[in-house]
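For reference, the chains in residue letters:
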Amino acid sequence: MCDYSLHAVATRPAEVGETIVTTNFRGTSTRGFASEADMSVAVCLLPGTELAFADNVRYDNRWIWTRTINSRVGKFGKTDPHIPDRHHDAIEFPDGKYVLVTQLVEGQRATVLQLPVTQPLGEHKPQIIADRQPTVTRLPIG
């Protein structure tokens, strides 16, 4: 999914193993992820997508100073989805902290490690817990 502010930008879903880069999209005030091959197309991530950054993650609040998270791995998610017209795309880090994607410093590279497991509606398959018959204990009558 891509944040609401990227609806005017061409988008495509992320692929496992690809390198994506944080960028500011032309015509918006929003940062997001793009492919190294085409920086004009936003790469959208599903909640639960796992990323490995090339370096410790840097972010800002659109101020002069940047901050660094001492982590190179994170999981994409959403924050405050019930509040409209607000940035929701965020990266969760192992220490439990979240950083909005729009606050990530431009030019950071990340590799898509794993996409979340999704299953289309109507295709639920029962889970087989054991492949043997249950044991039935019969009590004597009388």
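An account of the accompanying structure is given in this report. A quick note: this is a predicted structure, and the numbers were derived from the prediction, not measured.

The next subject is the overall build of the protein chain. Per the secondary structure count, the protein chain includes 0 helices and 11 strands. Taking all 142 residues of the protein chain together, the buried fraction comes to 36%. A fraction of 56% describes how many contacts in the protein chain between residues 6 or more apart in sequence connect residues 24 or more apart. Accessible surface computed for the protein chain: about 9900 Å², of which carbon and sulfur atoms make up 53%.

Right, let's get into the pattern of salt bridges. Two side chains of opposite charge can pair, provided their charged atoms sit close to one another. Counted under the stated rule, the structure contains 5 salt bridges. Put simply, Asp60 and Arg31 hold a salt bridge, and the shortest N to O gap is 3.2 Å. Here Asp60 is found in strand E6 (residues 57-60), whereas its partner Arg31 is found in strand E3 (residues 31-35), with 29 residues between them in sequence. Residue Arg31 is classed as buried on the basis of its relative accessible area, which comes to 10%. Close ionic contact of Arg109 with Glu36 constitutes a salt bridge, the shortest N to O distance being 2.5 Å. With a gap of 73 residues between them, Arg109 in strand E11 (residues 109-114) and Glu36 in the loop between E3 and strand E4 (42-44) connect regions that are remote in the sequence.

Time to look at the pairing of E11. The sheet contact formed by strand E2 (residues 19-24) and E11 spans 3 bridges and is antiparallel. The residue bridging Val21 from the neighbouring strand is Arg109, located in E11. Of the pairings in the sheet, the one linking strand E5 (residues 50-53) to E11 comprises 4 bridges and is antiparallel in character. Looking across to E11, one finds that Phe53 is bridged to Ala110.

For E2 and E3, the ladder comprises 5 bridges, and the chain directions are antiparallel. Bridging across to E3, Val21 finds its partner in Ala34. Connecting E2 to the next strand, E3, in antiparallel fashion are 6 residues, including Gly27 with a positive phi near 85°.

Another point: the nonpolar core. With 18 residues, the main nonpolar core has Ile20, Phe33, Leu45, Leu51, Phe53, Ile91 and Leu104 as its most contacted residues. When contributions to this core are tallied by element, the ones reaching two or more residues are E5, E6 and E11. Listed in part, the 7 residues of the second largest apolar core include Leu6, Val9, Phe25 and Ala42.

Within the fold, Asp89 resides in strand E9 (residues 89-92). Asp89 sits in the buried class, given a relative accessible area of 6%. For Asp89, the side chain forms a polar contact with the side chain of Lys78, separated by 2.3 Å.

For Val57, the position within the fold is in strand E6. Spatially, the C-alpha atoms of Val57 and Gly74 are 9.4 Å apart, while their sequence positions differ by 17 residues.

Criteria and thresholds
- Residues numbered from 1 in each chain as written.
- Predicted model: local features only at pLDDT ≥ 70, side-chain atom pairs only at ≥ 80, totals over all residues.
- Heavy atoms only, no water.
- Helix = DSSP H or I, 4+ residues; strand = E, 2+ residues; numbered from the N terminus.
- Buried < 20%, exposed > 50% of the residue type's maximum accessible area, 1.4 Å probe, protein only.
- Contact = heavy atoms within 4.5 Å.
- Areas by Shrake-Rupley, 256 points an atom, 1.4 Å probe, with all protein chains shown as cover.
- Salt bridge = Lys/Arg side-chain N within 4 Å of Asp/Glu carboxyl O.
- Pairing = 2+ DSSP bridges.
- Core = buried A, V, L, I, M, F, W, Y, C linked by side-chain atoms within 4.5 Å.
- Polar contact = N/O pair within 3.5 Å; in protein donor to acceptor, adjacent residues only side chain to side chain.

Everything listed here is a matter of geometry and, on its own, says nothing about what the molecule does.
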